[in-house]
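# Commentary on secondary and tertiary structure
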Amino acid sequence: MKSNPENIRSYQAGDETGILDLRGQVLSSGRNLKHWNWQFKDHPHGPGWITIAESGESIVGQHALMCADLNYTGRRLSGGQSCDTMIRDDFRGQGLYKKIAEINYEKAAAEGCQAIFSFPNRNSFPGLVRNHDWCKITELKYHYFRLGVANLCGRGVDRILRLPRMLLSRLKLTLLKRLQRGVEITASSRLRDTLAPMLLEILDHEILSIWKDLDYLRWRYENHPEHDYRFHTLAVAGKPEALVITRDRGDAIAICDILHRTGNIPQTAILVQQIITEAFSSRAQRIEFYGHDGGFFEAVSNRCGMRVVPTSALTFGGRIFVQGKITPLFVLPQNWTVAYGDSDIV
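Report follows, based on the coordinates. (Residues numbered from 1 in each chain as written. Predicted model: local features only at pLDDT ≥ 70, side-chain atom pairs only at ≥ 80, totals over all residues. Heavy atoms only, no water.)

## Description of the environment of F321
Operational definition: Numbering of helices and strands runs from the N terminus; a helix is a DSSP stretch of H or I covering at least four residues, while a strand is a stretch of E covering at least two. Any two residues whose heavy atoms approach within 4.5 Å are treated as being in contact.
Looking at the secondary structure, you find F321 in the loop between β17 (315–320) and α11 (326–330). Sequence-wise, F321 and G79 are 242 residues apart; in three dimensions their C-alpha atoms are separated by 9.7 Å. Look past the residues within four positions of F321 in its chain and what remains in contact with it is Y105, A109, C113, Q114, A115 and I116.

Right under this line is the structure:
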C-alpha cells in the first residue's frame with residue numbers, strides 16, 4: 001500500500017536538517033549544512049525556491065530551484081537552476097514529483113523568475129519534457145587532452161613518456177607567445193577586481209548565457225564550500241583579456257570556464273596551452289572541458305591539440321515563463337553559451 005504525503009508547502013527556516021536527511025537517503029552524494037547554505041541562501045542572485053512534501057515529521061519530497069540569473073545580450077533576467085530534486089523511495093510512482101514541481105514553478109514565476117535551466121540526467125530528462133514543458137536545447141561537447149598513460153602502463157612508464165610531450169608542449173607555448181607579443185599570464189586562487197569590466201563586456205556580446213559578473217564568479221568558485229579552483233588570467237599591457245578557471249580533480253584537470261573579452265582565439269589558446277604545459281608536472285592524466293557555444297570553444301581546443309567529441313552525457317535544457325522577443329530565441333542552441341562550470345557537478 002502506497003503512502004501519501006500529508007502536507008505540501010514552501011520551505012521554512014529550520015527545514016534544512018530534514019532536507020539533508022532526505023538527500024542522504026535518496027542521492028548517492030551527501031551534503032552538509034554549509035554547502036546547503038552556500039547554494040540556496042548565500043547565492044549573490046538571491047535565495048532559491050524550494051517546495052517540500054511532508055509525511056508526519058519527515059520530509060519525503062523536495063523540488064528545488066537554485067537562484068541563477070540569465071544573461072540576454074547584456075540584460076539580466078531572473079532565473080533558476082533546477083537541482084537537488086528528490087522523492088523518498090516509498091513515495092515514488094504516485095505523481096508526487098510532478099505535483100511539487102509545478103507548485104514550485106508557479107511560485108518562482110509569481111516571484112519574478114523568468115526562466116529556468118538544468119543539466120538533467122538520462123532518467124529525469126524525458127519526464128521534464130513530457131510533463132513540465134521543458135525543452136532540450138543542446139548537449140555539451142566534450143573537449144579533452146590526454147596527458148598520460150598511467151592507467152594503461154603504470155606510473156613509471158607514464159613519467160618516462162610525459163617528459164618529451166611536456167617539452168613539445170613548452171615549445172608550442174613559446175611559439176604561440178611569439179605570435180602574440182606582450183601577453184602576461186598569471187595564476188591565482190583569488191579573482192582580481194580588475195576583471196569586472198571584462199566580464200560585463202562579455203555579457204554584452206553573448207545572446208544567452210548564465211549571468212557571470214565578478215560577484216557571481218567569486219561566489220561560485222572562491223567561496224565554494226568544498227572545492228578549490230585556480231584562476232588563470234591573460235593580460236595585455238596590464239588589461240585583462242582572458243580568464244580560464246580550473247579545478248584539479250586528481251586524475252584530471254577540469255576546465256570549468258573559458259572567457260575572453262573579445263573572443264580572441266590565439267590569445268585564449270596561449271592561456272589554455274599554458275595550463276596544459278603545467279599539467280604535465282601534475283598527477284593528472286587528462287585535461288577536460290564540457291562546453292557549447294558558436295564555435296569559440298572548439299577553435300581554442302583545436303589550436304591546443306585537444307580532441308572534441310560532439311556529444312556528451314551533459315544535456316542542457318530549460319523552460320521559459322515569460323513571453324516576448326526572448327521566447328523563440330530560448331530554444332535555439334546557436335544562441336547559447338554554456339560551460340562546464342555552469343553545472344553543479346564540477
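## Digging into the layout of surface pockets
Heads up, the condition is: Buried and open spaces are told apart on a 1 Å grid over the protein atoms alone, a cavity being a set of points where a 1.4 Å probe fits but cannot get out and a pocket being an open set with protein on both sides within 12 Å along at least five of seven lines. Residues with an atom within 4 Å of a point are the lining residues. Grid points are joined across faces, edges and corners, and a volume is the space filled by probe spheres set on the points.
The calculated volume of the second largest pocket comes to roughly 420 Å³. In this structure, the second largest pocket is lined by 26 residues; those nearest its centre are I202, H205, E206, D293 and T337. Of all elements in the fold, only α7 (196–204), β11 (208–210), β14 (252–260), α10 (296–303) and β18 (336–339) reach the threshold of two or more residues within the lining of the second largest pocket. In terms of residue count, the dominant contributor to the lining of the second largest pocket is β14 (four residues).

## Here we look at the pattern of salt bridges
Selection criterion: We define a salt bridge as a side-chain nitrogen of Lys or Arg found within 4 Å of a carboxyl oxygen belonging to Asp or Glu. Buried means the residue's accessible area, taken with a 1.4 Å probe over protein chains only, is under 20% of the maximum for its type, while exposed means over 50%, and partly exposed covers the values in between.
Overall, the coordinates contain 21 salt bridges when judged by the stated rule. Residue K136 is joined to E139 by a salt bridge in which the shortest nitrogen-to-oxygen separation is 3.0 Å. Residue K136 is classed as partly exposed on the basis of its relative accessible area, which comes to 43%. Notably, a salt bridge pairs K212 with D342, separated by 3.0 Å at the nearest N-O pair. Pair noted here: K212 is in the loop between β11 and α8 (214–222) and D342 is in the segment after β18, with a separation of 130 residues, a long-range link. Accessibility expressed as a relative area gives 9% for K212, which makes it buried. Judged by relative accessible area, which is 2%, D342 ranks as buried. Taken together, the shared-partner salt bridges connect R190, D193, R218 and E222 into one network.

## Details of the pairing of strand β6 (residues 79–87)
Heads up, the rule is: Pairs of strands are assigned from DSSP output, requiring at least two bridges between the strands. Clockwise travel from the first strand over the helix to the second, with the strands pointing away from the viewer, marks a crossover as right-handed.
Here β6 lies mainly inside the structure; eight of its nine residues are buried. Relative to β6, strand β3 (residues 58–67) runs antiparallel, the two being bridged by six bridges. The residue bridging Q62 from the neighbouring strand is M86, located in β6. With respect to chirality, the unit in which β6 leads through helix α3 (residues 96–110) into the neighbouring parallel strand β7 (residues 115–118) is right-handed.

## A few points about empty space enclosed by the protein
In plain terms, the rule: Polar here means any residue outside two lists: the nonpolar Ala, Val, Leu, Ile, Met, Phe, Trp, Tyr, Cys and Pro, and the charged Asp, Glu, Lys and Arg; Gly therefore counts as polar.
Scanning the model with the defined rule gives one cavity of 30 Å³ or more in all. Forming the boundary of the largest cavity are T186, A187, S188, R190, L191, R192, F231 and T233. Looking at the lining of the largest cavity, the elements with two or more residues in it are β10 (183–188) and β12 (230–236). Considering every element that reaches the lining of the largest cavity, the biggest residue donor is β10, with three residues. Along the lines of polarity and charge, the residues of the lining of the largest cavity split into three nonpolar, three polar and two charged.

## Some remarks on the sheet that holds β17
The line we're drawing: Think of each axis as a best-fit line through the C-alpha atoms, taken over the contacting stretch in the case of a helix, with angles from 0 to 180 degrees between the N-to-C directions.
Reading across from one edge, β1-β2-β3-β6-β7-β17-β8 is the order of the seven strands in this open sheet, with mixed pairing throughout. Here the strands that pair on one side only, and so sit at the sheet edges, are β1 (7–10) and β8 (135–139). Strand-to-strand twist of the sheet, defined as the mean angle between neighbouring strand axes without regard to direction, takes the value 25 degrees. Bridging between β7 and β17 involves four bridges; their strand directions are antiparallel. Opposite I116, over in β17, you have R319 as the bridge partner.

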